[in-house]
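Geometric and topological summary
Listed here are the chains, written in short residue letters.
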Amino acid sequence: MARSLNAQIVRVMSALTLAAFAVMVTGTFGYYTFFYPWLYPDDLYSDKWNAGDFVVLGLILAISLSAAAVVAWRLAQSIVQPLKSVAGAVHLIAHGDFSARAETIRTVYGEAESLIADFNAMAMRLENAEAELKYSNSAIAHELRTPLTILRGRLQGLSDGVFTPSPELYGRLIAHVDDLARIVEDLRTLGLSNAGRLELKLDEIDLAIEVESVTASIEQDLAKAGLAVEYDLGSAVVVADRARIRQALFAILDNARRYAPRSTLSIQTRRARDRVVIRCTDDGPGLPPGTGHRAFERFWRADDSRARASGGSGLGLPVVQAIARAHGGDAIVTGNEEGAGLSIEIWLPAGGPA
C-alpha cells in the first residue's frame, strides 16, 4: 500500500535525528567506559581533554553524520526520481513532442504514483487535443471549400451569362448558403461547449410537444426521403433551453433522413424517475461493426466518402451530445449493429442543469 510522502518524510527525519543522537551518546559512553581507562590510565580522574578525545568524538560525529547522509540520500532519490521522470517528459512536450510520457517508477509513495499517473493522463489529453485540432482544421477547410466552390462557380456563371437566372437556380444557391450557415453554427456550438461557455436560456418545456413541433417543420423533407415517423410520446417536462433542444432534435432527424432513407423512424419521450429521455430509433442500415464509439466524433461518418450527395458534415451527432451535456445529461448510441438500425438516446435531468 502506497504511503503518504508527507508522513514518511516526518518519520524519516525524526528517525535520523534519533539515530544520530543515539550513535553519538552510545559512542561517547562506550569510549569513556571501555577505551579511555585503557588509553589514558594516568589521566583517568583528570578534567583535561586529550587530543585523542577530540579525535574519537570527531569520528563518532562523522559516523553519525555519514549514516544520516546515507539514509537522507536514499530518501531524496525516492523523491527525486519520479520528479526527474516528469521533468524529462515536460521538457519534450514543451518542445512539441506530445507523445512524451513520464516513465513509471516503482515507489512506495502514493503522491509520486499519482503525480506520474495524472501527468501521463494530461499528456494523453494534450496529444489527443493536438491531433483533433489538426484533423478538425483540415476537415473544416474541406467542408467549407465544396459549397464555396459551387457558389463561386454559379455566381461566376450568372455574371458571365452562362447560366440563365431562374427561381430554381437561386433556390439551389440559397440551399448552399444554408448549408454553410449550418456548418458555422454547429462549429460555434461545439466551440462554446468545449470552452464550457454554451449559454442556456432555461424554461420549463415538454419534450413531447417539442418533438411534434420539430418533426412538423421538416415533414416534407422526411417524406421526400421516404422516412415514416411513428410516435410514442409520453409527457416529459424538463427545465431546458427550448432552442437548443430543438437544434438537437433537428440534427437527429436530419441524420436519419440522410443515412436511413426509406425506413421507419420511431420517436419516444419518457420520464424515468429523476430524468427525461428522448429515444429515436430507425430500422435503417445502422453502423459498421465496432464503430459505435465513433458516432460522436467530429466530422466522422459511417461512409468515409465526403463526395456523396447525401453526406452531411459529420457534426450533427457531436452537437447533439454537446447540447445534452450542457444540460447535465448525455447522448448515447445503442443497437448499432450493421443492418439492425440505429437508436440515439438523449437523457436530461428533469430538474434542469445544475
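Residues numbered from 1 in each chain as written. Predicted model: local features only at pLDDT ≥ 70, side-chain atom pairs only at ≥ 80, totals over all residues. Heavy atoms only, no water.

1. Focus on the overall build of the chain
Check the secondary structure of the chain and you find eight helices and seven strands. Sorting the 354 residues of the chain into buried and exposed places 34% on the buried side. For the chain, the proportion of contacts with a sequence separation of at least 24, taken over those separated by at least 6, is 69%. For the chain, the accessible surface area stands at approximately 21,000 Å², while carbon and sulfur atoms represent 59% of it. (Helix = DSSP H or I, 4+ residues; strand = E, 2+ residues; numbered from the N terminus. Buried < 20%, exposed > 50% of the residue type's maximum accessible area, 1.4 Å probe, protein only. Contact = heavy atoms within 4.5 Å. Areas by Shrake-Rupley, 256 points an atom, 1.4 Å probe, with all protein chains shown as cover.)

2. Some details on helix α7 (residues 242-259)
Note: α-helices contain 3.6 residues per turn, so residues at a spacing of three or four share the same orientation. A rise of 1.5 Å per residue sets the reference length of α7, with its 18 residues, at 26 Å; its end C-alpha atoms lie 26 Å apart and thus fit the reference within 8%. Taken as a whole, α7 has its buried residues at Arg 244, Ile 245, Gln 247, Ala 248, Leu 249, Ala 251, Ile 252, Leu 253, Asp 254, Asn 255, Ala 256 and Arg 258. Measuring from the backbone nitrogen of Ala 243 back to the side-chain oxygen at the start of α7 gives 3.0 Å, which picks out Asp 241 as the cap. (Expected span 1.5 Å × (residues − 1). Polar contact = N/O pair within 3.5 Å; in protein donor to acceptor, adjacent residues only side chain to side chain.)

3. Re the packing of helix α4 (residues 167-194) against α7
Between α4 and α7, the shortest axis-to-axis distance is 13 Å and the interhelical angle comes to 120°. Relative to α7, the element α4 is oriented oblique. Judged by the twist between their axes, the crossing of α4 over α7 is left-handed. Residues Arg 182, Glu 185, Asp 186, Arg 188 and Thr 189 of α4 pack against Arg 244, Gln 247 and Phe 250 of α7. Here the residues of the contact of α4 with α7 are counted per class, giving one nonpolar, two polar and five charged. (Axes fitted to C-alpha atoms, helices over the stretch in contact; angles between N-to-C directions. Parallel < 35°, antiparallel > 145°, perpendicular 65-115°, else oblique. Left-handed = near helix turned anticlockwise from the far one by under 90°. Nonpolar A, V, L, I, M, F, W, Y, C, P; charged D, E, K, R; others polar.)

4. Re the packing of aromatic side chains
Evaluated as defined, the whole model comprises zero aromatic pairs. Its guanidinium or amino end placed over the ring of Trp 347, Arg 275 lies 4.8 Å from that ring's centre, counting from NZ or CZ. (Phe/Tyr/Trp six-rings, centres within 6.5 Å; stacked < 30°, edge-to-face > 60°. Lys NZ or Arg CZ within 6 Å of the ring centre and 35° of its normal.)

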